[in-house]
Each structure stands twice: as C-alpha cells, then as structure tokens.
Amino acid sequence: MVKPRRKASQAAKKTAEKEAVTCGLHQLSDDDDIPTLRSNLLSWYDVNKRDLPWRRQLKNTDENQRAYAVWVSEMMLQQTQVATVIDYYNRWMEKWPTVQKLATASLEEVNEMWSGLGYYSRGRRLHEGAQKVVKELDGQMPSTATSLLKELPGVGRYTAGAIASISYSQVTGVVDGNVIRVLSRLRVIGAESTSPQVTEVMWSLADRLVDSERPGDFNQAMMELGATVCTPKNPSCGECPVRGLCRAYQQVENEKKKSANKLENMLTKKVETPCSVQDIEDVVKGCSFCLPKEEPWDSSLGVMNYPRKAKKKPPREEKTAVAVVSCAAGSETKFLIVQRPETGLLAGLWEFPSVQLDRDSQSETRKSLIDSYLKETIGLTFGDVERRIHVGEVVHIFSHIHQTYMVETFDVECDGQDGRMGKQEAPPCRWVTRSELQGAALSTAMRKVFKAYEASKSRSQHPAIGNSTGAKASNKRKRKSSSDNGDKKKQMALDSFFKPRGVKTKA
C-alpha cells in the first residue's frame, strides 16, 4: 500500500513542477534573481531580525542542545503567535533546559506547564520525543530532516527542515504559513495555497532558493519577512528588501501606471494607448497556478490577492454542561476537578465536572444529566447542598468546534473528606484550593469558566456594583431574591441523588 501512494505523490510533484515551468511566471527563471534574493534578504535579516529567546540559544556550541532548543520553539510556535510563546518558552527552558531533563518530567508536569497555550498534543509529543531520544537514541537528537521526520513524534516536514537547517546547517528549505505568503507574492501563485500541487511547488521553490552558506539564517529570514513585512494584511511593501523581484508588487505598479495613463488621457483628451507593461494575467492562459477566472485580480487588494486560501469549514456547534462544585474547607474553598481521558480533545487535562449535551437540550435535561454524572459516574457523595446557581454561558472557540459551556455552581457542605468519590472505576478526581487550581493543567476554556464563576460570586456578594442608580440596584436585588427562591425549590432534584448526611428534616 505504501509504494502506490509514494508513486502517486512523486507523479503529482513532477506534474506540478512541469506546469509551473511551462507557465514561466511562478519560477525564478533568471539565474541572477536567486543570488540577488539571497543577498538582499540575508542583509536585511542581519539588521532587522527580532531578538527572540530561542535565537539566543543558537550561540551554543553544542549542536544537540541547539537542536533541542529549536525543537521546543518550533513546536510551541505552531498555530501560536510569537508574543504568546515567549513567556512559555522561557519558563519551559528554565525548568527543562535539556532533552534529558524533559525526559524525566511527568506528563502531568508537562500539561501544567503547557496550560493555556492550546493545542495540547504538542506538549505531549515533545515529552514523548524527549523520552525516545534519551531511551532509544542515546540522548542524541536526530541531525537530518529525514531522520527528524522519522524519529520524533509530532514532527512534520516543516519542523524537521527547520531544526535541520537552523541547528545543523543542512541545506534544506522550509515551508510554513509565512513562507507560503512570501513565495505566493513573489511568484504570483494564485491557486489555493493548501492544494497538493501548490504545496509541492512551494517546497520545490524553497529548496531551490535556500542559501547553501547560511541555510538556517535564510529560512529564518524568509519566515521573519512574512511575519513582520509581508504580512497577511497591510503589508509594508516599501520596506521589503526583495520587492524588486516580487511580481505581485509589479502587478500593483502596472495598475498604477494604467490608472495614471487613463487620467492623463482624460485630461489631455488623447486617444488611450495600450500600457507598455503587459498584465501578468494576460501572459498565460489556463495556468493552474495563476488566479482562477472565477476569482480574478482585485485591484483594491493589491499584493493581498496572494495567496488564495481554501475556504474553511465552519466549526461544529457543541454544548456542554459544567458544574463548579465547591466546598468550604476551613478558611479555604476547595473545588472539584476531573481528569479528561488520555486520548481525544484536551487529553489528560483537568476540568470541572462536565457532560456533553445535545444541541437542543432543555434546562431541566441539563440539570438532570449533570446530577446523574456527579452521582453515577464520579460516585460523589457529600453533605447538604447549600446553594445551586446557574452562572450562564461561556463560549470558547476551538479550531474546529464552537463550544458553549452551560455553567452552574454547587456550594456544598464538606463532610470532613471534602466529598467522597465512591466509585473505583470513576475518572481521576481531586479537590484543589484556589491557588492549586491556578497551577493545575486546566485548559483555557476551563479558566474562562472559572472566571465566569468568580464574576458571578462577586455579583452575588456585591449586587449594587456597577449600578448607576438606586433603582437599578433595587431591581438587581429583586432579581437575585427571585432567583434564590427558585434555586431553593429546584434543589430537590439534586437532593434526590445525594443523600444528606446528618441533616435533620423539619416536621
């Protein structure tokens, strides 16, 4: 099964390269272009590169250590902005400065360190990879793009190329979102940037352009250019060191010349003559890499016509009931958290007790499901429920899921054991203090839930805060009073699941 796939991939690559050469617009056909691009780009990078913590690690003479540092940074930078990553990277490298140190960590510690960064499988893959390097590779990081791709879990074609070129000076190109944008504009590639044909052309171009003397610096320069100058919106073309080679920029200049000629002809009443510079879209007919006919050049976008991205599928809608269960333990409040399964979304992270709902679940159904989960799945028993309040909805957008959390709180009496989990087969659960909760491996979504919980608590304790008039404060108190009365009446559903211990019933 492997060989046919490989042959098909090679055939697609050859077809893509052939079509690109036939078109002529999408290759750097002039031999003088490539040395000029390399020289201009590297000179610009030497002056303008950002001072980033992982780049400081490149001064280390230990190649193995350089590779580890680049590996960590590249995994963190996947789908995450540089500004967000810097603090996480610094804390990570302070705690686990070498691959050997990371290999001794527990997955729980890794999840806690990664908490809030998102795409949590990246942290798990780093941890798995570190253990493999130490146990199976004698502590030595793979040193080529091919071996990195083969040996390290979670390392793809781009990450392997980045580590190999930056850490080991292997002459290999890289293609990420920034590089795609730069190359699409340089060579006016208007087809969908995620299509297999375009992907192969991008890698072919990247491998051809990379500087053999400074491959790591060149690859970083390409990415830096895309991140700081050739940006998705409002690119700074006037500051671009390679704009003289950029055909998208030339296309914009041609449009300006056309407009200027039209204006001059209108003012002088001359007969309009064709522009001396031919439009790029008129050069080639039927090229699969040019802008599609159904989505032609839009002069208002300029160079932002490139690249053309595939339309994203809308995220699926999901609803989840969440219970923030708390109890007063002496002078502190403790909260119940449950560990998620080891596979799937947010694997191994901790969360407040949660139950996924149908899209059309009603309020009473939601309450019944969360009550049943606490009793039957977790096996939780505790004393009397002092208060149950519906906090509201918290929305969190994952890459492919539009998640709505229906949050409510349970203030319960501790029975001396902070509530007992009575089922051996129940998922891992624990009670944590507020400070312990802050340091736990909680997802960003659950931190949003807790923030909503705290805001609800604050409002209930200070109902007049934020009201500009006495009337508003009075109305809020009335609403609160009505809500409290309703909650007391609805507690029977929960009390029917949890048998109160030591509570006397009034006659």
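Residues numbered from 1 in each chain as written. Predicted model: local features only at pLDDT ≥ 70, side-chain atom pairs only at ≥ 80, totals over all residues. Heavy atoms only, no water.

Let's talk about the confidence of the model for the protein
Of all residues in the protein, 76% have pLDDT values of 70 or greater, and the mean over the chain is 82. The least confident element of the protein is helix α18 (residues 470-495), whose mean pLDDT is 44; the most confident is helix α13 (residues 215-228), at 98. Throughout residues 465-507 the model reports pLDDT below 50, and contacts reaching past four residues in sequence, or to other chains, amount to 37 contacts. (pLDDT = per-residue confidence, 0-100. Helix = DSSP H or I, 4+ residues; strand = E, 2+ residues; numbered from the N terminus. Contact = heavy atoms within 4.5 Å.)

As for the pairing of strand β2 (residues 332-339)
For a regular strand, side-chain orientation follows a simple rule: the groups alternate between the two sheet faces. Strand direction decides the pairing type here: strand β1 (residues 316-329) and β2, joined by 4 bridges, are antiparallel. Residue pairing for β2: C327 is matched across the bridge by K334. Here β1 hands over to β2 after 2 residues, with G330 in that stretch at a positive phi of 70°. Sheet topology places β2 next to strand β9 (residues 429-433); 5 bridges connect them, and they run antiparallel. (Pairing = 2+ DSSP bridges.)

Comments concerning the pattern of salt bridges
Applying the stated rule across the entire model yields 19 salt bridges. The partner of E253 in a salt bridge is K256, with the nearest N and O atoms 3.4 Å apart. You can see E253 and its partner K256 sitting in helix α14 (residues 247-268), 3 residues apart, about one turn around the helix. What makes E253 partly exposed here is its relative accessible area of 25%. R308 is paired through a salt bridge with E295; the nearest N and O atoms lie 3.4 Å apart. Taken together, the residues span a long stretch of sequence, with R308 in the loop between α14 and β1 and E295 in the loop between α14 and β1 at a distance of 13 residues. (Salt bridge = Lys/Arg side-chain N within 4 Å of Asp/Glu carboxyl O. Buried < 20%, exposed > 50% of the residue type's maximum accessible area, 1.4 Å probe, protein only.)

Regarding the nonpolar core
One finds W71, W92 and F352 to be the most contacted residues of the largest nonpolar core, which totals 109 residues. Here this core takes 8 residues from helix α4 (residues 63-77), the largest share from any one element. Residues within four places of F352 in sequence aside, it is in contact with V322, A323, V324, F335, L336, I337, L437, M446, V449 and F450. (Core = buried A, V, L, I, M, F, W, Y, C linked by side-chain atoms within 4.5 Å.)

Details of α4
Note that an α-helix has 3.6 residues per turn; residues three or four places apart therefore point the same way. Helix length check: α4 (15 residues) gives 21 Å between terminal C-alpha atoms against 21 Å at 1.5 Å per residue, within 8%. Burial within α4 is extensive, with 13 of its 15 residues counted as buried. Capping the start of α4 is the job of one residue whose side-chain oxygen sits 3.0 Å from the backbone nitrogen of N64: D62. Backbone geometry just downstream of α4 places Q79 in the positive-phi region, at approximately 65°. (Expected span 1.5 Å × (residues − 1). Polar contact = N/O pair within 3.5 Å; in protein donor to acceptor, adjacent residues only side chain to side chain.)

A closer look at the side chain of H127
Relative to the elements of secondary structure, H127 occurs in helix α8 (residues 121-136). By relative accessible area, which is 6% here, H127 ends up buried.

Side note on the environment of C230
Relative to the elements of secondary structure, C230 occurs in the loop between α13 and α14. Judged by relative accessible area, C230 falls into the buried class, the value being 10%. With 13 residues separating them in the primary sequence, C230 and R243 have C-alpha atoms 9.9 Å apart.

A closer look at the environment of T144
Note on placement: T144 falls in the loop between α8 and α9 (145-151). The class for T144 is partly exposed, based on a relative accessible area of 33%. Sequence spacing of T144 and S167 is 23 residues, and the spatial spacing of their C-alpha atoms is 9.7 Å. In this view, T144 contacts A164 and Q170; residues no more than four positions away in its chain are not counted. Side chain to side chain, T144 and S147 meet in a polar contact 2.8 Å long.

Observations concerning the packing of aromatic side chains
All told, the structure shown has 9 aromatic pairs when counted by the stated rule. Relative to Y306, the ring of W297 has its centre 6.2 Å away and its plane inclined at 45°; by these criteria the two rings are tilted. On the basis of relative accessible area, Y306 is assigned to the buried category, the value being 2%. Between F352 and F450, the aromatic rings sit 6.0 Å apart at their centres with planes inclined by 20°, giving stacked as the arrangement. Here F450 lies in helix α17 (residues 444-461) and F352 lies in the loop between β3 (350-351) and β4 (354-357), a separation of 98 residues in the sequence. (Phe/Tyr/Trp six-rings, centres within 6.5 Å; stacked < 30°, edge-to-face > 60°.)

Points about the packing of helix α11 (residues 177-186) against helix α12 (residues 196-209)
For the pair α11 and α12, the least separation of the axes is 11 Å and the interaxial angle reads 90°. By the angle between their axes, α11 is roughly perpendicular relative to α12. Contacts between α11 and α12 involve I180, L183 and S184 from the first element and M202, L205, A206 and L209 from the second. Looking at side-chain class alone, the contact of α11 with α12 contains 6 nonpolar, 1 polar and no charged residues. (Axes fitted to C-alpha atoms, helices over the stretch in contact; angles between N-to-C directions. Parallel < 35°, antiparallel > 145°, perpendicular 65-115°, else oblique. Nonpolar A, V, L, I, M, F, W, Y, C, P; charged D, E, K, R; others polar.)

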